[in-house]
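# Structure at a glance
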Amino acid sequence: MPDIIKILPIEVSNKIAAGEVVQRPSSVLKELLENSIDANSTRIKVIVKNAGKNLIQVIDNGDGMSKKDMHLSFLKHATSKINKIDDIFSVRSMGFRGEALAAISSISMIEMKSSKVIEDNGYAIKIDGGKIISENESNFDKGTSIKVKNIFFNVPARRNFLKSDFVELRHIMSVFNNIAISHNEIEFSFINNTEEILYLKKESLKKRIISIFGEKIREHLIPLNESTQIADLYGFILKPEYAKKSRSNQYIFVNNRSIKSQFINHSISSSFDGILKDGFYPGYFLFVNIDPGMIDVNVHPNKTEIKFEDDQNLYSIINSAVKHCLGIYQVTPVLDFEKDSSMDISYTQTKSDPNIPNIEVDSEFNPFKFFNDEIFEKHTSQLPINNIDSTFVDENKKFTKTFQIFNKYIVTKSTSSLIIINQSLAHQRILYESFLKSIFDSSSESQKLVFPIEIKLTKNQLNLFKKIESEFSSLGFNYKMSDSGLNITSVPIELENNSIEQIIDDILDHENDFDKTKNFSYSDFFAKNLSKSSSIKTGKKLDLNEQEFLVNQLFSCKEPLLSPDNQQIFITLNKNDIENKF
Ligand code: ADP
Ligand code: MG
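Let us look at the structure shown here. Remember, predicted model here, so these are calculated numbers, not experimental data. (Residues numbered from 1 in each chain as written. Chains lettered and ligands numbered in written order. Predicted model: local features only at pLDDT ≥ 70, side-chain atom pairs only at ≥ 80, totals over all residues. Heavy atoms only, no water.)

Residues Leu-29, Leu-33, Val-46, Phe-176, Ile-181, Phe-188 and Phe-285 are the most contacted members of the largest nonpolar core, which totals 58 residues. Of all the elements, helix α6 (residues 165-182) adds the most residues to this core, at seven residues. For this core, the two domains that each supply at least three residues are domain 1 (10-202) and domain 2 (211-328). Residues contacting Phe-176, with those up to four places away along its chain left out, are Leu-29, Leu-33, Val-46, Phe-188, Phe-190, Leu-198 and Leu-200. By size, the runner-up hydrophobic cluster in this structure holds 50 residues, among which are Ile-421, Ile-430, Leu-561 and Leu-562. (Core = buried A, V, L, I, M, F, W, Y, C linked by side-chain atoms within 4.5 Å. Buried < 20%, exposed > 50% of the residue type's maximum accessible area, 1.4 Å probe, protein only. Helix = DSSP H or I, 4+ residues; strand = E, 2+ residues; numbered from the N terminus. Domains from an automatic or database assignment. Contact = heavy atoms within 4.5 Å.)

Pasting the structure below:
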């Protein structure tokens, strides 16, 4: 029997490998653009003909290549970007595998010109199907031009599989947009057939997004900026009103590389829980800057998938950053920039107090027995004032104008809209943040009880209690534990007026529901449960002081928009919303 195994000729193995890197014309454009960026270009011109099927050309003003480098660049595993395997965990360049030009040249006809210096003394090389067919000195300014013609000319099966020009051009534009958004420091021009369809000068990220997607996107961009130990996040979230039925407005960049990530999508989408209708997807331009050692880009040859070392924490960080930014947006528009002056109330009207309907308000009733001016002062003096819309607060009284409806909602106003707040959810949010702060900063305040509370617990309950002891005492509970239960001598100031027995019962009941995959941490779970069981309930009448206290506290929360369980806490009705009702 003759031996049957043979090593494939290089042209064949390159063609096979090309299938992974080059699926369609847009993949060629992506690789060429990435090379131009890696070469420190500040100006890049793209020319495509017939949706890239006949020509994709990228001209840059980057570092250029020497004659020898030009020869090497088409060889497999030829790269100037890494030297050893460890380097792939520290690369900041877009490319590093050294296979794109080898793959592209094996399935197309290439003409490359390059020069490393300003004077015209470049070099030119022509390659067909991976073989050099001509080369010569050529006048070319500093930079590189690569023409990729007749993609898949020698792999007819694949050429036949290319889609219509319309579809292929859409892929090309998508690649181009991704690169242009993440490189707003570079000037781009895009020529389709002979027409320049896009010219982008060097500009800010916000302007770049507007230049690409049109002026109307401007008012929908909510800025996001969050610095953490694991990663820095920045970019823009699109307002919920701009959500689409497709995922087409979702852009994620990690270290400026456009990537696809299910878990990041999921993390962002779940920040919108309760805000978006079913079947609608939020839009975003999210940039994550992270130590390259914490990610692995080498998951697939097209480098659009990334493995994160610490994906659980990143998930939580992104999730809360997006919620935070949505929360701020709900409050800040009325502060200044989107102020609609036609809604301002005239001077004479503002001088007189608005009539507060008195049907639902019983000003004698006070479920917060602890509530008095001293405590109010203490709480409000700690509020991060810059988060509060000043129009919520009456100059003299420090209070908002509010009223309650259905014993369930508090209604208030801002400069340009009416705000309807779910009292129970608002209180949950306030308590939740306050409990979390107590647990993490050990900053609790407790109130000594005149009559200590005796709480009987079963053996089983006592064992459960031991697990939550540290969270429990960090909140401001003081107690003695015996074989039969607890003797509580002081309680957190927030809970002073509640049935402590009921709360402890609730907490112990839910103790076994703790699910690591759904909760950020045990403390978080604990704070959530406690805030739910101790919050003001629907059906409670609140007097004006209590309503105003709730409103002011809510809008000084980090995330006033969502309850700890991600339900929407308030809705706003602006002039348009109201006018549409008539
Ligand atoms: P990689 O980008 O992974 O290194 P490529 O096959 O895409 O591999 O490119 C091979 C090499 O060719 C690059 O490492 C770089 O040195 C050089 N090169 C490619 N395109 C350009 C360009 N536009 N300007 C300067 N050098 C380039
Ligand atoms: Mg490359």
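Structure shown, so let's carry the discussion forward.
What follows is about helix α7 (residues 205-213). Within α7, the full set of buried residues consists of Leu-205, Arg-208, Ile-209, Ile-210 and Ile-212. Against the buried residues of α7 lie α6, β7 (187-192), β8 (195-200), β9 (221-227), β10 (231-238) and β13 (284-290). Just downstream of α7, Gly-214 is the residue with a positive phi angle, here 100°.

It is worth spelling out empty space enclosed by the protein at this point. Scanning the model with the defined rule gives one cavity of 30 Å³ or more in all. Empty space within the largest cavity amounts to approximately 110 Å³. A domain-level breakdown of the lining of the largest cavity finds at least three residues from each of domain 1 (10-202) and domain 2 (211-328). (1 Å grid on protein atoms, 1.4 Å probe; cavity = no way out; pocket = protein on both sides within 12 Å on 5 of 7 lines; lining within 4 Å. Points joined across faces, edges and corners; volume = space filled by probe spheres on them.)

This paragraph deals with the site of ligand 1. The environment of ligand 1 is made up of 19 residues, and the closest members are Asn-35, Thr-79, Ser-80, Lys-81 and Gly-98. One of the side-chain N or O atoms of Asn-35 is found 2.9 Å from an oxygen atom in ligand 1. Leu-101 places a polar main-chain atom, nitrogen or oxygen, 2.9 Å from an oxygen atom of ligand 1. Taken by itself ligand 1 offers 530 Å² of open surface, and the protein chains cover 93% of this. Secondary structure elements with two or more residues in the shell around ligand 1: α2 (25-38) and α4 (100-106). (Near = heavy atom within 4 Å. Polar contact = N/O pair within 3.5 Å; in protein donor to acceptor, adjacent residues only side chain to side chain. Areas by Shrake-Rupley, 256 points an atom, 1.4 Å probe, with all protein chains shown as cover.)

The subject of this paragraph is the pattern of salt bridges. Here the structure, examined in full by the defined rule, presents 11 salt bridges. Arg-24 serves as the salt-bridge partner of Glu-168, at 3.0 Å between the closest nitrogen and oxygen. Highlighted residues: Glu-168 in helix α6 and Arg-24 in the loop between α1 (10-21) and α2, separated in sequence by 144 residues. Across this residue pair, the class does not change: Glu-168 and Arg-24 are buried. A salt bridge links Lys-30 to Glu-34; the nearest nitrogen and oxygen atoms lie 3.1 Å apart. One end of the pair is Lys-30 and the other is Glu-34, both in helix α2 and four residues apart, which spans about a single turn. Each member of the pair, Lys-30 as well as Glu-34, carries the same accessibility label: buried. Linked by salt bridges that have partners in common, Arg-429, Glu-433 and Glu-559 make up one network. (Salt bridge = Lys/Arg side-chain N within 4 Å of Asp/Glu carboxyl O.)

Our next topic: the sheet that holds strand β16 (residues 402-405). Within a sheet, neighbouring strands are paired by backbone hydrogen bonds and run either parallel or antiparallel to one another. The four strands are arranged β16-β17-β18-β22 in an open sheet whose pairing can be described as antiparallel. Edge positions in the sheet fall to β16 and β22 (570-574), since each of these pairs with one other strand and no more. Across the sheet, the axes of successive neighbouring strands diverge by a mean angle of 25°, strand direction being ignored. Bridge count between strand β18 (residues 417-422) and β22: five bridges; the pairing is antiparallel. When the sheet's bridge partners are listed, Ser-417 is paired in β22 with Asn-574. Running at roughly 75° to β18, helix α12 (residues 423-441) makes contact with β16, β17 (409-413) and β18 of the sheet. Along the sheet, helix α16 (residues 544-554) contacts β16, β17, β18 and β22; its crossing angle with β16, the most-contacted strand, is approximately 105°. (Pairing = 2+ DSSP bridges. Axes fitted to C-alpha atoms, helices over the stretch in contact; angles between N-to-C directions.)

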